[in-house]
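If you want the building blocks of each chain, they are given just below.
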Amino acid sequence: MAQETLDETPRKRWWLKPLIGIVLLAVLSVGGWRVYRSWQLKQLVAESKVLIERGDYQKAALGLRRALQINQFSPEANRTMAELTDKLGLPEGVEWRRATAGLAPGSVPDALAFANSALRHGEAGVAQNALAGIGKPTDQKAQFHTSAGNAAVAQGQYSEADQHFAQALEADPKNEAAEYNLAVSRIHSPDVSKRDAAVEALRRLTGSERVGVLARRALITWLQREQKLEEALRLGEEQQASPGVEFRDRIAHLDLLVATKSTEVEKNLEQVKSAALTSAPSDAAALMNWLRMASRTEEAITWAATLPPALSGHRAMMEARAECLVALGKWSELMATVEPGDWKDFEFIRLAYRARAGKELGDRFNSKTTWTFATIAARRPEHLSKLALMASRWGWRDELQETLWAATKQPNPDWALQMLHRLYRQDGDTSRLLRVAEAALKVDENNLQARNNVAMLSLLLKRDAPAALESARQLHANAPHNPEFASTYAFALHQAGRSAEGLAILKQLSPEQLREPAIASYYALLLDAAGEKTEASSFAKMGQAATVLPEEKSLFSGLTAQ
């Protein structure tokens with residue numbers, strides 16, 4: 001039996017070696033395919049980088065799309081796509097930078113690139129969040145503090161910006177860019193010693209190859225504000241002769257020549273017109289706008305008509321021409337200018353001018369509809385901000401409100417909510433103020449100021465008083481020394497028939513807080529309810545300096561007659 005078993009074993013396992021071979025072949029095939037795909041991805045990214053350097057952006061984009069189809073989670077492919085979109089100035093670059101930073105957690109260069117891209121596209125809050133995720137890097141400290149400083153400037157946080165720029169210079173004392181940033185940050189400082197040091201730093205940096213153009217530009221602007229026009233003019237002439245001079249410097253120099261009543265204005269203007277022929281369309285548009293602002297609008301239109309179609313037909317030039325026609329009141333020509341064509345991402349601007357021309361020509365119904373289409377075509381917050389500015393300049397309050405409400409439905413709507421609040425406050429429109437406060441609270445449920453506004457406005461309008469009372473109670477409990485919250489809670493108690501409790505809440509505030517006009521009026525109201533008429537009258541007079549809503553005016557009427 002033992003012999004028999006030995007004889008049968010080879011026959012039973014004849015398939016084992018071929019099976020092992022097949023498995024190995026399959027493993028090698030899969031592994032080889034993966035290796036090939038990885039190699040292919042690297043080749044596509046490398047080729048795209050070369051194409052970007054050559055300026056062949058279309059082929060580079062096609063190659064990167066193929067690379068991302070192979071592996072959409074490749075940090076290098078995402079990073080290169082981000083570099084391409086940034087180079088093209090596209091807002092999509094922010095999202096590509098965000099994706100790259102997410103795929104390379106802990107990478108300081110990627111986080112900094114994300115923040116800088118967000119800054120270039122006006123998303124300072126996004127930039128600050130990106131920088132907050134870095135913490136305090138041990139390397140690239142100068143770059144980190146420079147980006148953080150720029151983000152702070154964009155948010156209006158100038159003191160914080162100053163600190164970051166100082167730390168950037170401390171981290172890299174020989175960095176002229178860091179020195180320039182700190183000087184620009186401090187040139188308007190109320191501290192005379194800091195301001196003087198900043199001016200001297202800029203004067204020294206005008207000799208720098210790296211930041212000389214920037215330093216002269218900042219110094220010229222400061223000298224103009226200080227009415228030191230002769231020195232500004234001298235620096236301006238140096239700037240014109242500099243290899244790094246930009247078209248905006250030429251426009252600024254024209255302003256200087258006009259301000260100093262120079263005889264060189266016309267000569268320089270002809271030189272700028274000549275330079276515009278070989279410059280970007282946006283530069284030619286800037287010159288048209290300068291001529292319009294200088295009350296030379298007809299000249300701007302005549303000059304634009306002499307330009308080659310590739311330049312005069314550009315979207316920026318069409319917009320500049322439209323502004324000239326608005327200034328001249330040539331509505332039929334404006335309609336003819338903006339009726340045809342596709343302005344691509346700026347279609348909302350074309351529609352806005354079309355709405356303006358239509359309204360001025362008497363077609364108010366279609367004008368209103370066209371403006372609505374413009375708000376729909378404005379796909380990004382900065383587009384709606386531009387539309388809001390146009391409506392505001394034209395005195396179109398209805399269209400302005402429509403645009404701002406559209407902006408409240410997009411990311412980062414604080415600016416629109418603040419504008420709506422100011423509009424309705426000026427109008428004394430309490431109901432719409434409540435709507436704004438509710439929208440702000442919907443955006444951020446932790447916005448305590450919005451929560452307080454909802455409670456107070458609801459009380460004034462006599463809407464859902466129990467909920468307003470409870471909300472005011474919670475706000476006051478969390479911040480008992482906040483005079484606005486105390487005032488709202490005291491008023492809620494007063495409306496609930498508990499005036500004595502409300503007066504006790506207000507009496508916990510400091511004398512300085514009680515004398516604030518907005519608080520003094522409510523304090524007077526509760527003092528009056530307690531029978532303290534003389535003191536109520538005194539505080540009511542202090543409250544007259546406050547801007548009040550119609551419902552408040554009714555509440556406080558008669559309090560000063562005691």
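Given the structure is predicted, the values throughout are model-derived calculations rather than measurements. (Residues numbered from 1 in each chain as written. Predicted model: local features only at pLDDT ≥ 70, side-chain atom pairs only at ≥ 80, totals over all residues. Heavy atoms only, no water.)

Across its 12 residues, helix H13 (residues 229–240) extends 16 Å between first and last C-alpha, which sits within 8% of the 16 Å expected from 1.5 Å per residue. Inspection of H13 places Leu-229, Ala-232, Leu-233, Leu-235, Gly-236, Gln-239 and Gln-240 among the buried residues, and these make up the whole buried set. Down the axis, H13 shows its buried residues gathered within 170° of arc, on one side only. Check the buried side of H13 and you find it contacts helix H12 (212–225) and helix H14 (247–259). (Helix = DSSP H or I, 4+ residues; strand = E, 2+ residues; numbered from the N terminus. Expected span 1.5 Å × (residues − 1). Buried < 20%, exposed > 50% of the residue type's maximum accessible area, 1.4 Å probe, protein only. Arc of directions from axis to C-beta. Contact = heavy atoms within 4.5 Å.)

We now examine the side chain of Thr-370. For Thr-370, the position within the fold is in helix H22 (residues 364–377). Residues within four places of Thr-370 in sequence aside, it is in contact with Leu-351, Arg-354 and Ala-355.

What follows concerns the packing of H14 against helix H16 (residues 281–293). At their nearest, the axes of H14 and H16 sit 10 Å apart, and the two run at 15° to each other. It follows from the interaxial angle that H14 and H16 lie roughly parallel. The way H14 lies across H16 gives a crossing that is right-handed. Here Phe-247, Ile-251, Leu-254, Asp-255 and Val-258 of H14 lie close against H16, whose contacting residues are Asp-283, Ala-286, Leu-287 and Trp-290. Split by residue class, the contact of H14 with H16 holds 7 nonpolar, no polar and 2 charged. (Axes fitted to C-alpha atoms, helices over the stretch in contact; angles between N-to-C directions. Parallel < 35°, antiparallel > 145°, perpendicular 65-115°, else oblique. Left-handed = near helix turned anticlockwise from the far one by under 90°. Nonpolar A, V, L, I, M, F, W, Y, C, P; charged D, E, K, R; others polar.)

Turning our eyes to something else, we now look at the confidence of the model for the protein chain. Any residue range with low pLDDT should be treated as having predicted coordinates unsuitable for detailed reading. Chain-level statistics for the protein chain give a pLDDT mean of 88 and a share of 93% at 70 or above. This stretch, residues 1–10, has a pLDDT under 50; its non-local contacts, to residues over four places away or in other chains, come to 0 contacts. (pLDDT = per-residue confidence, 0-100.)

This paragraph deals with helix H7 (residues 124–132). The periodicity of an α-helix, 3.6 residues per turn, causes residues three or four positions apart to be oriented the same way. Along H7, the residues that are buried comprise Ala-124, Val-126, Ala-127, Ala-130 and Leu-131. Burial along H7 is one-sided: seen end-on, the buried residues are contained in an arc of 155°. Along H7, the residues that are exposed and aim more than 90 degrees away from the buried face are Asn-129 and Ala-132. Here the buried face of H7 lies against helix H5 (92–103), helix H6 (108–120) and helix H8 (141–154).

Glancing now at the packing of aromatic side chains. Applying the stated rule across the entire model yields 8 aromatic pairs. With a centroid separation of 5.1 Å and an interplanar angle of 90°, the aromatic rings of Tyr-522 and Phe-556 are classed as edge-to-face. Placement of Tyr-522 in helix H32 (residues 517–529) and of Phe-556 in helix H34 (residues 550–556) is noted, with a sequence separation of 34 residues between them. Grouping residues by exposure puts Tyr-522 and Phe-556 together as buried. One aromatic cluster is present, formed by Tyr-353, Trp-371, Trp-394 and Trp-396 through successive ring pairs. (Phe/Tyr/Trp six-rings, centres within 6.5 Å; stacked < 30°, edge-to-face > 60°.)

Moving on: the environment of Arg-79. Tracing the chain through its elements places Arg-79 in helix H4 (residues 75–87). Accessibility expressed as a relative area gives 18% for Arg-79, which makes it buried. Remark: the alpha-carbon pair of Arg-79 and Pro-309, spanning 230 residues in sequence, is separated by 37 Å. Sequence-distant contacts of Arg-79, that is, excluding residues within four places in its chain, are made with Arg-97, Thr-100, Ala-104 and Asp-110. A distance of 2.6 Å separates the side chain of Arg-79 from the side chain of Glu-76, its partner in a polar contact. (Polar contact = N/O pair within 3.5 Å; in protein donor to acceptor, adjacent residues only side chain to side chain.)

Further remarks concern the side chain of Thr-85. Secondary-structure assignment places Thr-85 in helix H4. Beyond its immediate chain neighbours, meaning those up to four positions away, Thr-85 contacts Leu-90, Glu-92, Gly-93 and Trp-96.

What follows is about the layout of surface pockets. Estimates place the volume of the largest pocket at around 800 Å³. In terms of lining residues, the largest pocket is bounded by 35 residues, among which His-421, Gln-449, Asn-452, Asn-453 and Glu-484 are the most central. Listing elements by their share of the lining of the largest pocket, those giving two or more residues are helix H25 (414–427), helix H26 (430–443), helix H27 (448–460), helix H29 (483–495), H32 and H34. Of the pockets and cavities examined, the second largest pocket occupies roughly 590 Å³. Around the second largest pocket, the lining is made up of 22 residues, and of these Gly-122, Glu-123, Pro-381, Pro-411 and Asn-412 lie nearest the centre. Sorting the residues of the lining of the second largest pocket by element identifies H5, H7 and helix H23 (381–394) as the ones contributing at least two each. Sorting elements by how many residues they give to the lining of the second largest pocket places H5 first, with 4 residues. Split by residue class, the lining of the second largest pocket holds 8 nonpolar, 7 polar and 7 charged. (1 Å grid on protein atoms, 1.4 Å probe; cavity = no way out; pocket = protein on both sides within 12 Å on 5 of 7 lines; lining within 4 Å. Points joined across faces, edges and corners; volume = space filled by probe spheres on them.)

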